Number of protein chains: 6
Amino acid sequence: MPKASLAPRYQPVDALNAPRYTGVRTFARCPAVRATEGVGLAAVGVPFDTGTSYRAGARFGPEAIRSASTLLRPWHPQLEVDVFAQSVVDWGDLAIVPGNARRTVAQIAEGLAPLLDAGVTPLVMGGDHSILLGELRAHAAVDGPVGLVLLDAHADTWDHYYGEQLFHGTPLRRAVEEGVLDPTRSVIAGLRGPLYDAADVDAPREMGFTVVEGDALLALAPQQFGDLVQNVIRDGRTMFSFDVDVLDPAFAPGTGTPEIGGLTPHAVQRYLRALAGIDFIGFDVVEVSPPYDTPGQTTALVAAGIAHELLALSAVARGQRSSQPTRSAHANP
Amino acid sequence: MPKASLAPRYQPVDALNAPRYTGVRTFARCPAVRATEGVGLAAVGVPFDTGTSYRAGARFGPEAIRSASTLLRPWHPQLEVDVFAQSVVDWGDLAIVPGNARRTVAQIAEGLAPLLDAGVTPLVMGGDHSILLGELRAHAAVDGPVGLVLLDAHADTWDHYYGEQLFHGTPLRRAVEEGVLDPTRSVIAGLRGPLYDAADVDAPREMGFTVVEGDALLALAPQQFGDLVQNVIRDGRTMFSFDVDVLDPAFAPGTGTPEIGGLTPHAVQRYLRALAGIDFIGFDVVEVSPPYDTPGQTTALVAAGIAHELLALSAVARGQRSSQPTRSAHANP
Amino acid sequence: MPKASLAPRYQPVDALNAPRYTGVRTFARCPAVRATEGVGLAAVGVPFDTGTSYRAGARFGPEAIRSASTLLRPWHPQLEVDVFAQSVVDWGDLAIVPGNARRTVAQIAEGLAPLLDAGVTPLVMGGDHSILLGELRAHAAVDGPVGLVLLDAHADTWDHYYGEQLFHGTPLRRAVEEGVLDPTRSVIAGLRGPLYDAADVDAPREMGFTVVEGDALLALAPQQFGDLVQNVIRDGRTMFSFDVDVLDPAFAPGTGTPEIGGLTPHAVQRYLRALAGIDFIGFDVVEVSPPYDTPGQTTALVAAGIAHELLALSAVARGQRSSQPTRSAHANP
Amino acid sequence: MPKASLAPRYQPVDALNAPRYTGVRTFARCPAVRATEGVGLAAVGVPFDTGTSYRAGARFGPEAIRSASTLLRPWHPQLEVDVFAQSVVDWGDLAIVPGNARRTVAQIAEGLAPLLDAGVTPLVMGGDHSILLGELRAHAAVDGPVGLVLLDAHADTWDHYYGEQLFHGTPLRRAVEEGVLDPTRSVIAGLRGPLYDAADVDAPREMGFTVVEGDALLALAPQQFGDLVQNVIRDGRTMFSFDVDVLDPAFAPGTGTPEIGGLTPHAVQRYLRALAGIDFIGFDVVEVSPPYDTPGQTTALVAAGIAHELLALSAVARGQRSSQPTRSAHANP
Amino acid sequence: MPKASLAPRYQPVDALNAPRYTGVRTFARCPAVRATEGVGLAAVGVPFDTGTSYRAGARFGPEAIRSASTLLRPWHPQLEVDVFAQSVVDWGDLAIVPGNARRTVAQIAEGLAPLLDAGVTPLVMGGDHSILLGELRAHAAVDGPVGLVLLDAHADTWDHYYGEQLFHGTPLRRAVEEGVLDPTRSVIAGLRGPLYDAADVDAPREMGFTVVEGDALLALAPQQFGDLVQNVIRDGRTMFSFDVDVLDPAFAPGTGTPEIGGLTPHAVQRYLRALAGIDFIGFDVVEVSPPYDTPGQTTALVAAGIAHELLALSAVARGQRSSQPTRSAHANP
Amino acid sequence: MPKASLAPRYQPVDALNAPRYTGVRTFARCPAVRATEGVGLAAVGVPFDTGTSYRAGARFGPEAIRSASTLLRPWHPQLEVDVFAQSVVDWGDLAIVPGNARRTVAQIAEGLAPLLDAGVTPLVMGGDHSILLGELRAHAAVDGPVGLVLLDAHADTWDHYYGEQLFHGTPLRRAVEEGVLDPTRSVIAGLRGPLYDAADVDAPREMGFTVVEGDALLALAPQQFGDLVQNVIRDGRTMFSFDVDVLDPAFAPGTGTPEIGGLTPHAVQRYLRALAGIDFIGFDVVEVSPPYDTPGQTTALVAAGIAHELLALSAVARGQRSSQPTRSAHANP
């Protein structure tokens, strides 16, 4: 981790001097920087939606999240942390190839490598969920298969669609097959909606995932969810992925495959805050499809707000790390 | 009931081969069929909105529900049933006369008759709620007045508007007057919002309906609601009607007379699942007004999702019937 | 208070004769009247949005609330009161100067004076929240500093923005400085979202306000909230202010500074009904920004619905006053 | 005609003192008045859309036109006339019965009578085009069948739809049958789009109308159009009707039955200005359907702008009348 | 060509009996038929948008065109032809593979073959423009390379994007390379907008195409354009392709790569009518992207309206063929 | 002017490698740079809308123009110039104070000074038109009062609104009063719409401006307009300002004070291209109000497209300057 005394520390523009609607739209008004020196966390766009099976448009997700993130302020009152104290930049977008998921997933893995090598935590802004495979590859390249905590309406463990193997419904299966994801240290929570087959209910469990369906999740108090996650991921390297379709379409209408009966953002916030203390190696917020959003950009706002929670989780963990100098999960495992 | 071995069994197009956004929009991608042989349930459009007292547009409700229903998958994980196993078709739209509720209601009753005669369960896609009178006439023509379970923000028991007797606020009163609806075997649940007069609170109860206001409904656990319904409808022939305005406008903005403070889709799903085992003789989902919907079609999505729950109720009941061959509610009451 | 037998009593147009979508849009279809004789409550528009720090558009808030309020009916079933029995008019809009908050706030105070002098309760339709300063000045001019009950996502106790002292984030601080608002008799409830600094959490409390953050509010039963409010405001003159951003953006997307994770309208309704019996001296509903609303006008609908709850609070209090002739808070303090 | 010296003269609120977005929305910010003394022209809403054959929503047309008309200023630079000098009021909406075109048309005729009796020129804001029959009846009741100048994409001379005789495609045929419209003194201009049958091309001509199809209209210079109209209507009493669907859907998307390939507003303005000097006995602007309009209210804006042109035609004619005291077309024909 | 006396003749539902907003949405309300007997023209959906380089969403183009096409009536007054007299069906959508342009283009060629073999004229509803390659392959498979008349803002003759060879900017180059398109018998008209390089201006001409830039096109009278086209395509087999982005974004905002300064629909109609008499072997209307369309579906309406013009061109040509029995271009070349 | 051989030359990201929807949104994907070395033209945002008299929202104009400008390509085929050859950067936004036009105008003048001092041409993205005063002050500070070519529906020569002197209707009068604008070397073209008073027609002419009303403009061939402009501005330093409301609302609905009957973008393009050769000292595109834009961002697209034309005018003039080394208008006047 860089020494703060010498390295630059990146912060948002001060909103008390320049209104939040001013300036080129970078994530949370943090500097657009392609350097890792002094950077704690980097927001990274992956504007790719070739993997969607229903509505497209997530290629404009990073733009929309950046736009809505201008409303974010530094202090997280519940976790009592300045989310930007960890030094946050906007890395820009990774190279992608529209129409070619295979090449794109490889580019994502390649694009994230310099960040991970430098100990920078990536917060990926999607893009459809197929990009998760690239993220997992990048993280696994550091030190082997990783765990995953996923909030999602869908298990994304399908084998293929229409004969294609890389779609937003298949990344978890591919990742397990490739050995970059350890299902036994992974939690999939929030599943709901009709399925193609009775077997679909069991498939992710049979692959080794811990599954918490939507109704079961709502029956858990936040702390119970936090304990469950901790028990599954144990002390290994773990990534966090947030698919906005875990929310009810009233809160996140701008998404590729909406399912009714979802969570509220407030419930999600409470579950996420119960994860404080876990040192995730990376994050993403995916499946924001702006052309289907409301005129008030409800979906982008909620994605930015969830990103704020994830920043806070990272800030809390970094704070713990800096006070526990002997441990740095992904650098010296 | 048709013998499955000889009759066709109608199913949706396989979404694993053809993406769900392909093909002419029929309900849930089931075949467009005007035949009753081998059909268990038929989705039927009634694109009529002359009966609206505020916002029009529900004439495009069937189109929107069909469009959103392409996302529905067969398996209902909570009720553990393949909702299309009962053989489902899209019957198309019934004939209607815009600007003339009286003629249209008669057409609806006439149009549903062949389905009911053949033992096909209709799932009507509205259209404003005035069409319910036509549905009830059709069902009563089979074997006398029927019971009704209604989820709605409004009681729809007004006497008239502006001197007109057929409006979306009057079908229940007309149906009771005509003797096609038995209020003593009917439940109206979810009422809320300001009223014209203190007397409006009591009117439906004085007509004999069992009324569960919104707050009272939320105080019930799903199973309690299920028991209440079962106690009221007893073992008689009963129809189910769903007005999307029972939901909060955040979830169903595209409707004719929105009222704030409504239910969530998730709460509705849980109440509906508590009705599993009841063998309804018909269903409807009404008051979807697409021009007031969000760009992401929130209202149509929720209407389609509720239709999926209703399909599941029908599938469960049919499953019970086929395993209890001596009973077929509407054929041999 | 005017004698009902001689004075006119203003009521909405009868919706059973003229559909609610007919006529010039006045608040709740009540008469547009610039006279105080016989008037109990006056809806007053303040179409001003120069004070917004993010999204503008609230200048069209009064138009949108008037439009949506045509759906309101007289009878409030939970509080069992005819909300229009108190004689309600639409006063039109106050004079404002776009681009000049200082002059506008003075105009608001001046514009409300004749209403307060005549014992008419104002229900102000905003406009951004900077207008609250004008309202508080008007109320304080009658008989000294007043208490305030505020539902809002933000404390609005900032000192300045970009060097400007009158913004929608500063009215409470200005009002306390000017001595028109008594923070020790004021409750701010519903705060949430990220802040600029850890100190922001404590600032309003240090100014003397009773603060109930969002999560704390949700932990209160409605009656508990009612008791808390009563304990703080005691029996002094108190105003009620409702910022629609206290609601989650799914319910109120059309607002200037949305924050995710907010209240539902149903929760707000239950909290408001727990205030029945308190004789507020004035009300407002602010921060409705129509250009960011949904096609179905979700935000305007909820603002109108909340206005209905406020009308009911006023009607209950007036009913109590008329049966307790010895007490009329703002006429004979 | 009222004596200006004694009667009130109604004018819009001064926009230099109160911004145009302030105040209750009346037509062009003119007073809401139900009196004829001193009134030259009255804007009258007819919020009726039961007669639409495709998209509904025109019941909200008057609200939308009123909203957009707040942008109108007094001076018409091309015709060099103050359009409000004739004393203009907003009469409010006429009584209508949704779902019953027959009763509504009668109400329209009845509702306009007091205006015509008092020499007030009505400018009707629709509503769908079926309301024209009511207008023509009212005008004919004064002094026999009238002429008509109609700009419309459709001839509206159908006999019936679905067995119903009063629809927005039939008013001209009904009016001729009833003897309230003289087709030989009527011009229908702007027709375009596919038809049901080759015979449809000739039908209006066979009824006696002068027809100018869209392409033929565009081939006319404005003055040629003015001459053509003058030649047809001669010096008899004549009404003007404007259906916004004569415009291309890019300019007027919010309408019931759009047809591509229409006129531009600028072309219409030039044709209308060529009619200056004709003393029309009444005007309407119909088929504005707000739920299908753009977020910027393109259609309502253009309807209000055309209304401004019609006000100007009226103002020019009134100016001529007042300088030619021996002639007052509809009072002393 | 089928013998009309024996074969079925497919027509739309009669709109005078069933309103045009009723029924399952098939193209122009024609029957959904997967048979060629008795069919003259088949509307075929290709819901594919993997080839878009900017905005996606054209996968929902066929649904939107079908929806808007319900407004089409049979008679084309300018060309004096019943466009459905040739017997028209909706063939449904071709199989496609989202995310794989290569496989999809092959599927298109395969999917159109049975239509062409049976002498049915396909009218393809896109879908992004990459699908044109599949169409051209199908037509070339009948009897060698074909000519093309293309109205488009872009030449679509790029070599590749991001290393991918099948995109919506490359089909013409691929088609020429594959020998399925004869550039010397092809016209590209309507080009406009900034280019990547000066060389882009000349590239299509160097490939052999006849190019008419937007300004040059507008300088042509319709008949001049008709003559130009006739001179280029001569009497060989020629297809017609319409990219909605040739229109100005005001008329067709819902498209993948809009360019300002485009044509009006009325201008296009006049150019198309000047092609009457040419016997095109197939048609398409592409690049309709519904999520970017207006609430009034401006783009879908204009696409459906252009489809009507293309139906008319086909009807005129078929009428000529049936009166000239010795010639049937694609059956006996 | 910087020596190209040593200085950096700023160009957009290559769209053939990275799709145009990727990356942080800077103007035309040019680098975000706050340096003048090697810069020929800088796009500068001024997100200010306190000066609007009707609809607000232009504070988000720079964001929207940046977003839409990602579609721009380098080569302008009609003027045959690479618009980025002059080295183009995105300067970001100038400091502004919402709610205070006076302070903001001063900030604009101050913010532009370093660009002008370094010989960089500013292309300002508004913001409402009140910002023009700041621009003119900056330009006048270099070498005295400047000329102006303005395309606008309104003359913006009002004296005040509601007692405020800085509004978007007053900048030209203020600028003349301040001596920063020379009306005798200025052209205002495209005026239309109703006015407050007959005197408004003459006011700008009386101030010395050359005025070309909308109809008069359309009567000019592009070259005639070019000659007219050249004759008025002669060889003095002149700025160009483009208010999107000069366009018809169908093309630019997202603006503060729309007027029907406006220009088409294509007409504007032709008029602008006729100005090629004039060496303007600065440009702006103002009054883009995104919340009133269409879902397809029609207004932002046209604003970006017009910006492309202005880039081309600058590029042509710079090309001439570099080949005519003896003349550099604003450096050595």
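Residues numbered from 1 in each chain as written. Chains lettered and ligands numbered in written order. Predicted model: local features only at pLDDT ≥ 70, side-chain atom pairs only at ≥ 80, totals over all residues.

Caption draft 1: Highlighting the interface of chain C and chain A. Chain C puts 23 residues into the contact, and the matching count from chain A is 26 residues. Within the side of chain C that touches chain A, the residues separate by chemical class into 14 nonpolar, five polar and four charged. (Contact = placed C-beta atoms within 7 Å. Nonpolar A, V, L, I, M, F, W, Y, C, P; charged D, E, K, R; others polar.)

Caption draft 2: Structural detail: the relation of the copies chain C and chain A. Between chain C and chain A, which share one sequence, the superposing operator has a rotation angle of 120° and an axial displacement of 0.0 Å; the RMSD is 0.0 Å. Between the two chains, the operation in question is that of a three-fold axis. The rotation axis passes nearest to the C-alpha of A250 of chain C in chain C, at a distance of 3.3 Å. Mapped onto chain A, only 9% of the interface residues of chain C are again interface residues, and the two copies thus contact each other with different surfaces. (Least-squares fit on C-alpha atoms with pLDDT ≥ 70 in both.)

Caption draft 3: Region of the structure containing helix α8 (residues 265–273) of chain D. Buried residues of α8 of chain D: P265, V268, Q269, Y271 and L272 of chain D, and no others. Across the axial projection of α8 of chain D, the buried residues extend over an arc of 165°, all falling on one side. (Buried ≥ 20, exposed ≤ 12 C-beta atoms within 10 Å, placed from the backbone. Helix = DSSP H or I, 4+ residues; strand = E, 2+ residues; numbered from the N terminus. Arc of directions from axis to C-beta.)

Caption draft 4: Geometry of the sheet that holds strand β4 (residues 88–93) of chain B. Residues and elements named next belong to chain B. Taking strand neighbours across the sheet as the criterion, the eight strands line up as β4-β1-β5-β10-β9-β6-β7-β8 in an open arrangement whose pairing is parallel. In this open sheet, the two strands that pair with only one neighbour each are β4 and β8 (210–213). The mean inter-strand angle of the sheet, taken between neighbouring strand axes irrespective of direction, is 15°. Where strand β5 (residues 121–126) and strand β10 (residues 282–286) come together, three bridges link them in parallel fashion. By the bridge assignment for β10, M125 is matched with V285. Helix α7 (residues 222–233) contacts β6 (146–151), β7 (181–191), β8 and β9 (238–243) of the sheet and is inclined by roughly 160° relative to β7. (Pairing = 2+ DSSP bridges. Axes fitted to C-alpha atoms, helices over the stretch in contact; angles between N-to-C directions.)

Caption draft 5: The arrangement of the nonpolar core in detail. Counting residues in hydrophobic clusters, the biggest one holds 667 residues, and the most contacted among them are A303 of chain A, A303 of chain B, A303 of chain C, A303 of chain D, A303 of chain E together with A303 of chain F. Apart from the residues lying within four places of it in its own chain, the contact partners of A303 of chain E are I65, A68, V244, V285 and V288 of chain E. (Core = buried A, V, L, I, M, F, W, Y, C linked by C-beta atoms within 7 Å.)

Caption draft 6: Representation of the confidence of the model for chain A. All names here are of chain A. Chain-level statistics for chain A give a pLDDT mean of 93 and a share of 95% at 70 or above. For the stretch residues 325–333, pLDDT sits under 50, and the model shows 14 contacts to residues farther than four places along the chain or on other chains. We note a pTM of 0.96 for the whole complex and an ipTM of 0.94 for its interfaces. (pLDDT = per-residue confidence, 0-100.)

Caption draft 7: Expanded view of the sheet that holds strand β4 (residues 88–93) of chain E. Residues and elements named next belong to chain E. Pairing is parallel in the open sheet, where eight strands are placed in the order β4-β1-β5-β10-β9-β6-β7-β8. The open sheet has two edge strands, β4 and β8 (210–213), and neither has a second partner. Shown here is a sheet whose adjacent strand axes are inclined to one another by a mean of 15°, direction ignored.

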